[in-house]
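Results of the structural survey
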Amino acid sequence: SFHKSKGQHILKNPMLVDSIVQKSGIKSTDIILEIGPGTGNLTKKLLEAGKSVIAVELDSRMVLELTRRFQGTPFSNKLKVIQGDVLKTDLPYFDICVANIPYQISSPLTFKLLNHQPSFRCAVIMYQREFAMRLVAQPGDNLYCRLSVNTQLYARVSHLLKVGKNNFRPPPKVDSSVVRIEPRKPRPQVNPKEWDGFIRICFIRKNKTLGAIFRIKNVLSLLEKNYKTLQALNTSGAAEMDISGLGELGGGEQSVEMDADDDDDDEMEMEEDKEAANGRSEFKEKVAAVLKEKDFCDKRSSKLSQEEFLYLLSRFNMAGIHFS
Ligand code: SAM
């Protein structure tokens with residue numbers, strides 16, 4: 001009996017398993033990481049193709065079944081099974097990751113892989129179709145979003161294979177796709193917290209112009225707060241910022257709370273003193289000036305490339321404007 005909550009949908013089509021293994025380009029010297037091996041249909045082909053397989057499986061019954069399946073075969077000493085939640089496991093070195101994962105961990109797992117070091121050659125992963133299409137979406141595509149931008153910052157992503165639900169037992173509710181993720185080398189040097197904060201703001205409304213987004217009151221007040229905090233820290237000589245960690249890849253909460261019609265709101269509070277009001281519009285001008293410099297005002301996040309986001313973030317940072 002399978003656990004729906006653990007996302008246990010077993011691949012039952014051997015031709016499909018062959019095709020996944022073939023497309024992953026495994027070398028006979030490769031150490032392969034598999035996540036959620038289940039009963040081992042994919043594991044078996046991975047063991048045939050590579051040097052060794054490290055398989056991380058949450059369900060102890062599956063671990064038992066998997067171990068039994070290869071006991072007494074030449075494969076048993078090529079396979080290492082780690083029982084546990086992959087999200088809580090320190091991943092060992094691997095050359096390539098091939099996995100039919102439980103879809104509920106798609107986002108944090110992708111994120112974990114993208115942060116894994118030393119970085120691997122590639123990951124070939126089965127995702128829910130819609131998630132896969134978001135991962136590979138390019139500027140201007142309908143599904144282009146924070147997840148696409150964040151993933152593509154660290155990796156080149158390509159769609160490999162469409163997989164219908166009937167290839168699984170029991171069949172899931174949605175269609176699937178296999179995606180290839182190749183970490184960029186060298187890894188882009190960007191402060192992850194800055195990047196995350198910046199991209200969250202840019203995608204508050206992905207079809208609005210950046211000019212409009214960076215006039216939103218809550219956005220400006222958040223940036224101004226960061227600006228002042230940093231100025232205070234700099235003058236006290238303690239400018240070191242904590243750059244550890246990084247938020248969720250996509251779909252998480254926004255760091256800025258938005259009212260739908262809060263933008264373009266220039267009104268000042270009545271009781272606000274003049275000095276504060278002046279400071280605020282000064283800061284607003286500072287932000288606008290960065291956008292104007294290379295005509296970003298009329299551009300929309302839905303159409304901006306990786307390079308453009310990186311460039312704009314660096315211009316903001318150079319002007320002392322920070323997102324974390
Ligand atoms: N790889 C097998 C196949 O293709 O037939 C099974 C894939 S099934 C979609 C997902 C597997 O991941 C299940 O065996 C499930 O027990 C396991 N799993 C679920 N959550 C997990 C987690 N957090 N860490 C590791 N494995 C997990």
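Rules of the game
Residues numbered from 1 in each chain as written. Predicted model: local features only at pLDDT ≥ 70, side-chain atom pairs only at ≥ 80, totals over all residues. Heavy atoms only, no water. Helix = DSSP H or I, 4+ residues; strand = E, 2+ residues; numbered from the N terminus. Buried < 20%, exposed > 50% of the residue type's maximum accessible area, 1.4 Å probe, protein only. Contact = heavy atoms within 4.5 Å. Areas by Shrake-Rupley, 256 points an atom, 1.4 Å probe, with all protein chains shown as cover. Near = heavy atom within 4 Å. Polar contact = N/O pair within 3.5 Å; in protein donor to acceptor, adjacent residues only side chain to side chain. Nonpolar A, V, L, I, M, F, W, Y, C, P; charged D, E, K, R; others polar. Pairing = 2+ DSSP bridges. Right-handed = clockwise from strand over helix to strand, strands pointing away. Axes fitted to C-alpha atoms, helices over the stretch in contact; angles between N-to-C directions. Parallel < 35°, antiparallel > 145°, perpendicular 65-115°, else oblique. Left-handed = near helix turned anticlockwise from the far one by under 90°.

Turning next to the overall build of the protein chain. Along the protein chain, the regular secondary structure elements total 11 helices and nine strands. When each of the 324 residues of the protein chain is scored for burial, the buried share is 48%. At a minimum sequence separation of 6, the contacts of the protein chain that also span at least 24 residues come to 72%. Counting every atom, the protein chain has about 16,400 Å² of accessible surface; 50% of that belongs to carbon and sulfur.

The subject of this paragraph is the site of the ligand. Looking at the ligand, there are 20 residues lining it, with Gln8, Leu11, Gly36, Glu57 and Asn100 nearest. At 2.8 Å from an oxygen atom of the ligand is found a main-chain nitrogen or oxygen belonging to Leu11. A distance of 3.5 Å is found between an oxygen atom of the ligand and a backbone nitrogen or oxygen belonging to Gly38. Burial of the ligand by the protein chains amounts to 98% of its free accessible area of 600 Å². Every element with two or more residues in the shell around the ligand is listed here: β1 (10-11) and β3 (52-57). Class assignment for the residues of the shell around the ligand results in eight nonpolar, seven polar and five charged.

Across the six residues that make up β3, a large majority, six, are buried. Pairing between strand β2 (residues 31-35) and β3: five bridges, direction parallel. Looking across to β3, one finds that Glu34 is bridged to Ala55. Two elements, β3 and strand β4 (residues 79-83), share five bridges in a ladder whose sense is parallel. The residue of β4 that forms the bridge with Val53 is Leu79. For the handedness criterion, the β-α-β arrangement of β3, helix α3 (residues 60-70) and β4 is classed as right-handed.

This part takes up the environment of Asp18. With respect to the helices, strands and loops of the structure, Asp18 is situated in helix α1 (residues 14-23). Sequence separation between Asp18 and Leu46 is 28 residues; the distance between their C-alpha atoms is 9.5 Å.

Two quantities define a packed helix pair, namely the angle between the axes and the distance from one axis to the other. At a closest axis distance of 11 Å, the pairing of helix α2 (residues 41-49) and α3 adopts a crossing angle of 40 degrees. On the basis of the axis angle, α2 is oblique to α3. Between α2 and α3 lies a crossing whose hand is right-handed. Contact residues: Asn41, Thr43, Lys44 and Leu47 in α2; Leu66, Arg69 and Phe70 in α3. Counted by class, the contact of α2 with α3 contains three nonpolar, two polar and two charged residues.

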